[in-house]
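Below, each chain spelled out in residue letters.
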Amino acid sequence: MSALDRIDFEALGRELIAFRRDFHKYAESAWTEYRTTARIISELEKLGLPVKFGPEIHTPEKMFGLPKPAVMEACYQRALSETDRPELVERMKGGFTGCITEIVGAKPGPTVGVRVDIDCNDLEETDKPEHVPVAEGFRSVHPGCMHGCGHDAHAAIGLGLAKVLCALREELCGKVILVFQPGEEGLRGAASLTARGHFSHCDYFFGGHVGLISGPVGQVAASGHDFLASTKFDVFIHGVPAHAGASPELGCNALAAAAAAVTNMLAISRTSQGASRINIGTLNAGTGRNVIPAEAEMRVETRGKTTAINEYMEAAAKRVCEAAAQMYGCTAETVYMGGAGNVVCDKPLVDRVIDVLNTVPGVTKVLPDVDFGGGEDVTTMMADVQAHGGMATELVFCMPLKAPHHNGCFDVDEKVIPLAARIFAALVLSVSSDPIQK
Ligand SMILES: [Zn+2]
């Protein structure tokens, strides 16, 4: 009999679903997860766990892609009005969201890291009556903010794991570092936490994502491959304004430079080394009909099957922007907004995950490895663990998808929540009590 059989996962599931619905209703996007984090801290404190949060866990120069100050302030004030723990929110002011807790077992053993992410998307949630959050009354009350990627479920899964491990401390060897990461969307949050060395001493490290692959709850992948490495950056083209009729020759046209940059970035020669992507998601320029546009701003992202391919795309894109700016007498400035590299999950750990999955009730099908096919900044933490000699993998907890991720109709099959908490707990107990021989 496994120690986990002593846990009432049905009752726990009901509790976790209530957490998920609460996080969903008060969805907060990257670097503004104030209320969400405060709620998580409150729950961890109820378990008697020590919680680190605020500036002490972050690296300010690596907090990439912070929203504009006015947006940050508005979200901060909103959180203060919605939380029952304003003193916690105050310590996070400035975007220092997310938290880390440590669960120490009764016996000595290795250090195991588990990461869940907690931010929502900048997305408007559907108001269709058949959408479960609408029907059940937990649709996001924050305009333009929606949990469209399941990170509300991830936060609940993290709390579930904390509860289970606290109940099983006698069986737990070593310690677990459980991180509730802010700002995954846009690959912005992991670097700030990782640079503080929170995960460097982890012998094992697990991440996980719900959905991604549509399938019944119970189908679980032990690892992913082809996390696309990605870089997000903003491009600012600075020109010179002038009267478009009287003296156009005195101006330097930033809009024209940006337009040339867009078409040429899309024409970057692809590499034979593997898949790559580039997208210019926004372009804003100019101030008025009769003024030579002096400023242009673009949001760009590159991706690659490997870190090297992404770096190739990124370098080419920046070169194009600079050359296009120069063509029109302008200058180009790029600002890094986020990114993550590619990693390969560790085979010995993946093999163990497969073995463990085969013993967990509720797991109906084990996929050894799936194509991740997108960016995930958990790779920043995984790479740090691997660089220090530890092993890491990212699981995928399938669920039936009514709509794709990052879509206003996306929804979570809530049965996945207690199952994922149980799986993480089983993995932690396995590697901590029976270390993997390298
Ligand atoms: Zn996600």
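Residues numbered from 1 in each chain as written. Predicted model: local features only at pLDDT ≥ 70, side-chain atom pairs only at ≥ 80, totals over all residues. Heavy atoms only, no water.

Caption draft 1: Structural context of the coordination of the zinc ion. Coordination of the zinc ion by the protein involves Cys-149 (SG), His-151 (NE2) and His-209 (NE2), with metal-donor separations of 2.1 to 2.3 Å. The sequence pattern describing where the donors of the zinc ion fall on their chain is C-x1-H-x57-H. Each of the two residues, Cys-149 as well as His-151, counts as buried. (Donors = N, O, S within 2.8 Å, 3.2 Å for Na, K, Ca; no water. Buried < 20%, exposed > 50% of the residue type's maximum accessible area, 1.4 Å probe, protein only.)

Caption draft 2: View of the domain arrangement of the protein chain. Here the protein chain is described as being made up of domain 1 (3-227 + 343-433) and domain 2 (229-337). Listed by partner, the interface residues are 9 residues for domain 1 and 8 residues for domain 2. With both chains or domains summed, domain 1 and domain 2 bury close to 650 Å², and 50% of this area falls on carbon and sulfur atoms. Taken together, the links from domain 1 to domain 2 amount to 0 salt bridges. (Domains from an automatic or database assignment. Contact = heavy atoms within 4.5 Å. Buried area = accessible area lost by both parts, 1.4 Å probe. Salt bridge = Lys/Arg side-chain N within 4 Å of Asp/Glu carboxyl O.)

Caption draft 3: Molecular detail of the packing of helix H10 (residues 347-357) against helix H12 (residues 416-433). One way to put it is that H10 packs onto H12 with a least axis distance of 10 Å and a crossing angle of 120°. Viewed along their axes, H10 and H12 adopt a mutual orientation that is oblique. The crossing of H10 and H12 is right-handed. When H10 is examined against H12, the residues Leu-349, Arg-352, Val-353, Val-356 and Leu-357 are found in contact with a partner set consisting of Ile-423, Ala-426, Leu-427, Ser-430 and Val-431. (Axes fitted to C-alpha atoms, helices over the stretch in contact; angles between N-to-C directions. Helix = DSSP H or I, 4+ residues; strand = E, 2+ residues; numbered from the N terminus. Parallel < 35°, antiparallel > 145°, perpendicular 65-115°, else oblique. Left-handed = near helix turned anticlockwise from the far one by under 90°.)

Caption draft 4: Main features of H10. Leu-349, Val-350, Arg-352, Val-353, Ile-354, Val-356 and Leu-357 are the residues of H10 that are buried. On its buried face, H10 sits against strand E7 (204-214), strand E8 (219-221), strand E14 (365-367), strand E16 (391-399) and H12.

Caption draft 5: Layout of the sheet that holds strand E11 (residues 276-285). Taken in spatial order, the 4 strands of this open sheet run E11-E12-E10-E13, and their pairing is antiparallel. Each edge of the open sheet is held by one strand with a lone partner, namely E11 and strand E13 (331-340). Each adjacent strand pair in this sheet contributes to an overall mean axis angle of 15°, direction not counted. Taken together, the 9 bridges between strand E10 (residues 229-238) and E13 define a ladder with antiparallel strand orientation. (Pairing = 2+ DSSP bridges.)

Caption draft 6: Geometry of the packing of helix H1 (residues 9-25) against helix H2 (residues 34-46). Closest axis-to-axis distance for the H1/H2 pair is 10 Å, and the angle between their directions is 155°. Compared by their axis directions, H1 and H2 come out roughly antiparallel. Crossing of H1 against H2: the hand is right-handed. Residues Phe-19, Asp-22 and Phe-23 of H1 lie in contact with H2, whose contacting residues are Arg-35, Thr-36, Arg-39, Ile-40 and Glu-43. Considered class by class, the residues forming the contact of H1 with H2 number 3 nonpolar, 1 polar and 4 charged. (Nonpolar A, V, L, I, M, F, W, Y, C, P; charged D, E, K, R; others polar.)

Caption draft 7: Examining the nonpolar core more closely. Of all hydrophobic cores here, the largest spans 106 residues; its most connected members are Phe-206 and Ile-423. Per-element accounting of this core gives the leading share, 13 residues, to H12. The next biggest cluster of nonpolar side chains, apart from the first, holds 25 residues, and it includes Ile-268, Ile-280, Met-298 and Val-320. (Core = buried A, V, L, I, M, F, W, Y, C linked by side-chain atoms within 4.5 Å.)

Caption draft 8: Here's a closer look at the pattern of salt bridges. One pass over the structure, following the stated rule, counts 27 salt bridges. A salt bridge links Glu-15 to Lys-163; the nearest nitrogen and oxygen atoms lie 2.8 Å apart. Note that Glu-15 is positioned in helix H1 and Lys-163 in helix H6 (residues 151-167), a separation of 148 residues in sequence. Classification of Glu-15 by relative accessible area gives partly exposed; the value is 33%.

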